[in-house]
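Residue-level structure breakdown
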Amino acid sequence: MRYLSKFRSLDSTPSQNILQFQCSKLKNYKASTHSKSSKFRNSRTRTQETLTETKNLASIFNSITEILGTPEESIDSCGVSSFEDTHVRNLKEPLERRPSVCRSAQVSALEETQLRKSVINDDVSPIAHKITEIIRVQDVTVSFEERLEKSGFLLDSDTVDKVLKRCFKVGHLAYRFFNWVKLQNGHYHTTSTYNTMLYIAGEAKEFGLVDKLVKEMEMESCSKDIKTWTILISSYGKVNMIGRCLHVFESMRRSGCQPDGMAYKLIVRTLCAAGKADIALEFYKEMVFMNMEVDMNLYKQLLNCLSGSGNLSSVRLIGDDMINVSQIPEQIVYSCMLRCFCISGRIEEAIELLHELKSKKITLDPTNYEILVKGLCNTARVADALEIIEIMKQNQFVNGRVYGIVITGHLKRGELEDAFEMFTGMKESGHLPMVSTYTQLMQHLFRSNEYERACKLYREMLENGVEPDIVAFTVLITGAIKTAEKVKQIWRAIYSQENDSVYLPTSHQSLDVATNTVVDTCQPLEFCCSSKPTQLHPPREKFLLEPLSRVYSDYNFQENFTVLQICKILSSSMDWSSMQEALDKHTIQFTPELVLDVLRHCQHYGNAALSFFSWVGSQSDYSHTAETYNMAIKLSGSGKDFKHMRNLYLEMRRKGSLVTSETWTIMIMQYARAGLTEIAIKKFKEMKSDGCKPNGNTFKYLLMFLCGKKGRKVDEAVKLFHDMIRAKYVPDKELVEIYLNCLCEVGKISDAQKCREYLCQSGFSKPLSYSLVIRALCRAGRLDEAQAMVDEVGEERSKLDRYIYGSLVHGLLRAGRVDEALAKVDKMKEEGTSPTVHVYTSLIVHFFKKKQIEKALDFFKKIGEDGCEPTIVTFSALIRGYMNMEMVSDAWNIFRRMKLKGPVPDFKTYSMFMTCLCEIGRSEEALQLLYEMPSSGIIPSSINFRTVYYGLNREGKNDLAHTVLQRKWDLMNKRKLSS
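An unreviewed UniProt entry lists the protein chain under the name Pentacotripeptide-repeat region of PRORP domain-containing protein, with Papaver somniferum as the source organism. The heading Sequence similarities (unreviewed entry) in the UniProt record of the protein chain holds the text "Belongs to the PPR family. P subfamily."

1. Considering the overall build of the protein chain
Scanning the protein chain from N- to C-terminus turns up 54 helices and two strands. Sorting the 979 residues of the protein chain into buried and exposed places 50% on the buried side. Taking the contacts inside the protein chain whose residues are at least 6 apart along the sequence as the reference set, 66% of them involve residues at least 24 apart. Accessible surface for the protein chain amounts to roughly 46400 Å². Of this, 50% is attributable to carbon and sulfur atoms.

2. Quick word on a positive patch on the surface
A contiguous patch of positive charge, built from R136, K169, R814, K849 and R880, is present on the exposed surface. By relative accessible area, which is 53% here, R814 ends up exposed.

3. Points about the pattern of salt bridges
Evaluation of the coordinates by the stated rule reveals 33 salt bridges. A salt bridge links E145 to R176, with the shortest nitrogen-to-oxygen separation between them at 2.8 Å. Here the residue E145 occupies a position in helix α8 (residues 144-151), and R176 occupies one in helix α10 (residues 171-182), the gap between them amounting to 31 residues. In this structure E145 comes out as buried when scored by relative accessible area, which is 17%. Looking at R176, the relative accessible area reads 36%, which means it is partly exposed.

4. Observations regarding helix α42 (residues 749-761)
The end-to-end C-alpha distance of α42 is 19 Å, a good match for the 18 Å that 13 residues give at a rise of 1.5 Å each. Within α42, the full set of buried residues consists of I749, D751, A752, C755, R756, Y758 and L759. Close packing links the buried residues of α42 with α40 (714-726), α41 (733-745), α43 (766-779) and α44 (783-790). After α42 finishes, the residue G763 shows a positive phi value of roughly 105°.

5. Regarding α43
For α43, built from 14 residues, the straight-helix expectation of 20 Å at 1.5 Å per residue is met to within 8% by its first-to-last C-alpha distance of 20 Å. Most of α43 is tucked away: 12 of the 14 residues are buried. Regarding α43, the residues found buried are P767, L768, S769, Y770, S771, L772, V773, I774, R775, A776, L777 and C778. G781 sits one or two residues past α43 and shows a positive phi near 80°.

6. A look at the nonpolar core
Membership of the largest hydrophobic core comes to 143 residues, with the highest contact counts inside it found for F590, F612, I774, I879, F913 and V948. Those residues within four positions of F590 in sequence are excluded, and the remaining contacts are I566, V595, F612, W615, V616 and Y622. Counting 93 residues, the second-largest nonpolar core is a separate cluster that includes V160, F207, I323 and C342.

7. Here we look at the packing of helix α32 (residues 576-584) against helix α34 (residues 606-617)
It is the contact of α32 with α34, at a shortest axis distance of 11 Å, that shows an interaxial angle of 55°. What the angle tells us is that α32 and α34 run oblique. The two elements α32 and α34 cross, and the hand of that crossing is right-handed. Contacts between α32 and α34 involve W576, M579, Q580, L583 and D584 from the first element and A608, S611, F612 and W615 from the second. Split into classes, the residues belonging to the contact of α32 with α34 amount to six nonpolar, two polar and one charged.

8. Considerations on the confidence of the model for the protein chain
For the protein chain, per-residue confidence averages 76 on the pLDDT scale, and residues scoring 70 or more make up 75% of the total. When the elements of the protein chain are averaged for pLDDT, helix α5 (residues 81-90) gives the smallest value, 32, and helix α51 (residues 907-919) the largest, 94. Every residue in residues 1-112 scores below 50 in pLDDT, and together they form 160 contacts with partners more than four places removed in sequence or on other chains. Across residues 120-124, where pLDDT falls below 50, the model places 10 contacts with residues more than four positions away in sequence or in other chains.

9. What to know about the state of the cysteines
Such a bond, covalent and formed between the sulfur atoms of two cysteines, is termed a disulfide. Counted according to the given criterion, the structure contains zero disulfides. Distance from the sulfur of C918, which forms no disulfide, to the nearest cysteine sulfur (C916) is 9.5 Å.

10. With respect to the environment of T474
By secondary structure assignment, the location of T474 is in helix α27 (residues 470-494). On a C-alpha basis, the gap between T474 and E869 in space is 8.8 Å, while along the polypeptide they are 395 residues apart.

11. Some words on the side chain of S876
Take S876: it is sitting in helix α49 (residues 872-884). Exposure remark for S876: the relative accessible area of 13% places this residue in the buried category.

12. Observations concerning the environment of R782
For R782, the position within the fold is in the loop between α43 and α44. Separated by 29 residues in the primary sequence, R782 and G811 place their C-alpha atoms 8.2 Å from one another. Ignoring sequence-local partners within four residues, the contact set of R782 consists of C744, V746, G747, I749 and L777. Side-chain polar atoms of R782 contact the side chain of E785, separated by 3.4 Å.

13. Things to note about unusual backbone geometry
In most cases, non-glycine residues show a negative phi, while peptide bonds are predominantly trans. Here the residue pair G902 and P903 is connected by a cis peptide bond, since its omega of -5° sits within 30 degrees of zero. Mapping P903 onto the fold places it in the loop between α50 (888-901) and α51. Located in the positive-phi region is E886, a residue other than glycine, with phi close to 60°. E886 sits in the exposed class, given a relative accessible area of 54%.

14. Points about the packing of aromatic side chains
Under the criterion given, the structure shown has 31 aromatic pairs. Ring centres of F423 and Y438 lie 5.4 Å apart, and the angle between their planes is 80°; this geometry places the pair in the edge-to-face category. One end of the pair, F423, is in helix α24 (residues 416-428); the other, Y438, is in helix α25 (residues 435-447), with 15 residues separating them in the sequence. Of the residues examined, F423 reaches a relative accessible area of 1% and is grouped as buried. Chaining the aromatic ring pairs together yields one cluster made of W892, F895, Y910 and F913. R453 extends its terminal NZ or CZ atom over the ring of F420, reaching a point 4.2 Å from the ring centre. If you follow R756 out to its NZ or CZ, it ends over the ring of Y770, 4.3 Å from the centre.

15. Quick word on the packing of α50 against helix α52 (residues 923-932)
Between α50 and α52, the least distance of the axes is 13 Å, while the angle of their chain directions is 10°. On the basis of their axis angle, the class for α50 and α52 is roughly parallel. Contact residues: V888, W892, F895 and K899 in α50; E925, Q928, L929 and E932 in α52. Its residues assigned to classes, the contact of α50 with α52 comprises four nonpolar, one polar and three charged.

Reading the values: the criteria
Residues numbered from 1 in each chain as written. Predicted model: local features only at pLDDT ≥ 70, side-chain atom pairs only at ≥ 80, totals over all residues. Heavy atoms only, no water. UniProt positions renumbered as here; feature names shortened; annotations may be inferred. Helix = DSSP H or I, 4+ residues; strand = E, 2+ residues; numbered from the N terminus. Buried < 20%, exposed > 50% of the residue type's maximum accessible area, 1.4 Å probe, protein only. Contact = heavy atoms within 4.5 Å. Areas by Shrake-Rupley, 256 points an atom, 1.4 Å probe, with all protein chains shown as cover. Patch = residues over 30% accessible without salt bridge, like charges linked within 9 Å, V, L, I, M, F, W, Y side chains within 5 Å. Salt bridge = Lys/Arg side-chain N within 4 Å of Asp/Glu carboxyl O. Lys, Arg positive; Asp, Glu negative; His and termini not counted. Charge placed at Lys NZ, Arg CZ, Asp CG, Glu CD. Expected span 1.5 Å × (residues − 1). Core = buried A, V, L, I, M, F, W, Y, C linked by side-chain atoms within 4.5 Å. Axes fitted to C-alpha atoms, helices over the stretch in contact; angles between N-to-C directions. Parallel < 35°, antiparallel > 145°, perpendicular 65-115°, else oblique. Left-handed = near helix turned anticlockwise from the far one by under 90°. Nonpolar A, V, L, I, M, F, W, Y, C, P; charged D, E, K, R; others polar. pLDDT = per-residue confidence, 0-100. Disulfide = S-S within 2.5 Å. Polar contact = N/O pair within 3.5 Å; in protein donor to acceptor, adjacent residues only side chain to side chain. Phe/Tyr/Trp six-rings, centres within 6.5 Å; stacked < 30°, edge-to-face > 60°. Lys NZ or Arg CZ within 6 Å of the ring centre and 35° of its normal.

Listed below in structure tokens is the structure:
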């Protein structure tokens, strides 16, 4: 057979007569299909004649004119969509009653998880549950094998299988249990238990163990069933070991076990993913010969693989089979073929296919011509794409999405001005640019340091009624940060004197120059951000500007230097009496503003800061204000020193300082943040009975913590939300998202619907209101309810899709509906909406969970290729993914890269990394991170300390574990004044 030699080159130990069976089958296949495909051969003959004519034409675009015709001959746009609508309706029918094509597509959506479900099927058998608990509880003094022997449990193969399945994520423990069972009298492993262990080893990529288990099965005369072979093919296929896959497949047939449709689909998918088009085709032909069902996804993979390899005649063969064998409508088939030609950059073939369709009088949806335009742009043939667009204009096929594709093509080639020329022509012709088009243009302007021009484009987008999405805001913020970096360079040029690691301006004149530079820089972005609807708080984007304006404008240099001197004293290791002596040596005129700044900068040193607060309050020429009291109360609460917080509040009242709603809000927030929501509610009631009216922030922060995981009280949150509305405070987007997430997680969908109705009445747009609820439903795993709500929107559906598609993709991936998620991404790409970094991050997380590291890293690369910037969540997902696969050095490389180049690791990143390290027995490295957190401005939580403490104890490092407790106590003492 043709691919036999290729197979031998893929693996060093193939069978000598491998796959010879296919030769005879292929001959039979060709003979059996000769008659039923004769009419397609005739069609191909005519096609070849047509192609010859086409190549003789002076320009392929003359053919396009003939295909599209004159405006009077415009193509009917309903060709494909009517079938697709029917297909969607069919998905709601029971599987066995659907037409074969629809059933095939639905089965393919479930196929990827079918094997795992058949092997790793969670079970709650009481005995299996108890055994699993013994295995997974780590005890350095007694091994789980000893505890199992003492337990006296009776083991049968079914129980063993269930335990192995429940230990899927801890493969090393599963294998220890597997070996221990073999030593028990009268017990022999069955095919089922071997299958489960093989699957676990394959998922962990322990192929030495896989080989060992296979040999054991042969030695024990344990027969292999179809599931055994399928698991082996799947495991080798995931890591691209093609030779081993083929060897296993042939061994399966030689053993007398006939491969089923699942095995064939796995081998074909694996070969397509590896680019082995010829071999994949031979297996496909066997499937057809054996009357095995081929689903739509497999057809598409074959088409893309064959087209990419240049085997165009086989692309035609697959297309014929799709029409003849699977009875797929011609419009759908030719659309798939056109797409595969464009993806592989075979534009001439795509043009010729369109010409052939014209001769057959087969009409395609205008979307297919968009695919052709995109294919031309992707192959850097923008001029050719423009010629096609001119022809499409005559048939009124052009829309904003088509223009956006060409603009993207120009930008990829670095032709910024050409892109803007197309952008201007687009608007002049009456087409509204999409948000993705605006975003890409802004991004390239920021990269070219044309900051004001980018902000002007943003203003234009708002004026035209195009609502920015999260990607647009991200691009805007990135531009602001890039500008801020330039400001830092100005300051570095101005700073010349060094004193205790603080660089000082050399003159007030230099200071004014830098200040004016920053203020001028920040104005355009502040304008952009203020264009959003009024809320309780400005958008998060604007907060990024506040530190710049606070640091650089109205800068009182002498006062700030004094603050730094005091902070240096308070953050030292001296005791309070020594700190007091150091403060007395400085002649300082204390003001409430100076004290407030000191408290703000010393939040990590609560003990010293609160001692300073008490000491400075006793000075004869100084009195605390409500603002300084509020900050001291906040410091006490953040250190969980609630006793001192209460004392400060009583002192505040005793000295006649004004107790405002802000004071109450701070106390309520500190109790709620610690999970003491009952006390927080009690303080809220006290506040009202004291005659102090809650403000918008009081409602917001109490609601946020009532809806949080820690101390959640949903009924009280619903009541408080209605109280907030009655008080005529409009919640901002951040609060609405938290509130809706809480409601959807606990199943209070009717309350979520009421909230949506209220939002519409309060000035939120209909798409935005719906999108907030739909996102919350997706995060809660309620995809069916989310989809039902999408269908309610009506004419504003397209705008809504841009808001929610990332959430839908995330929800589908969490539900294991990978094919649907990827199809959603492809659909939005076709509509001109590029995947956001959050969509890519969701895909990375999913494929790391499936231990498909190559796919995960491919999506990470696409983030940069699409002009996006990875977020802290993206990098954290990489760290977690590497740790789950025990690729510790790679995880550390990502973490160090974050510290060096940004985004800087935050509390969640540190916590996640420490937990992962402790889980795999590397708690000393986690201890290193724990000690590093304070120097990075992050306060470790009690959970962080507990995680590392338990991890070190499990590893028998009790002395180090004791130092963790000591560090925790030291930190608590630094933050609390009360003993």
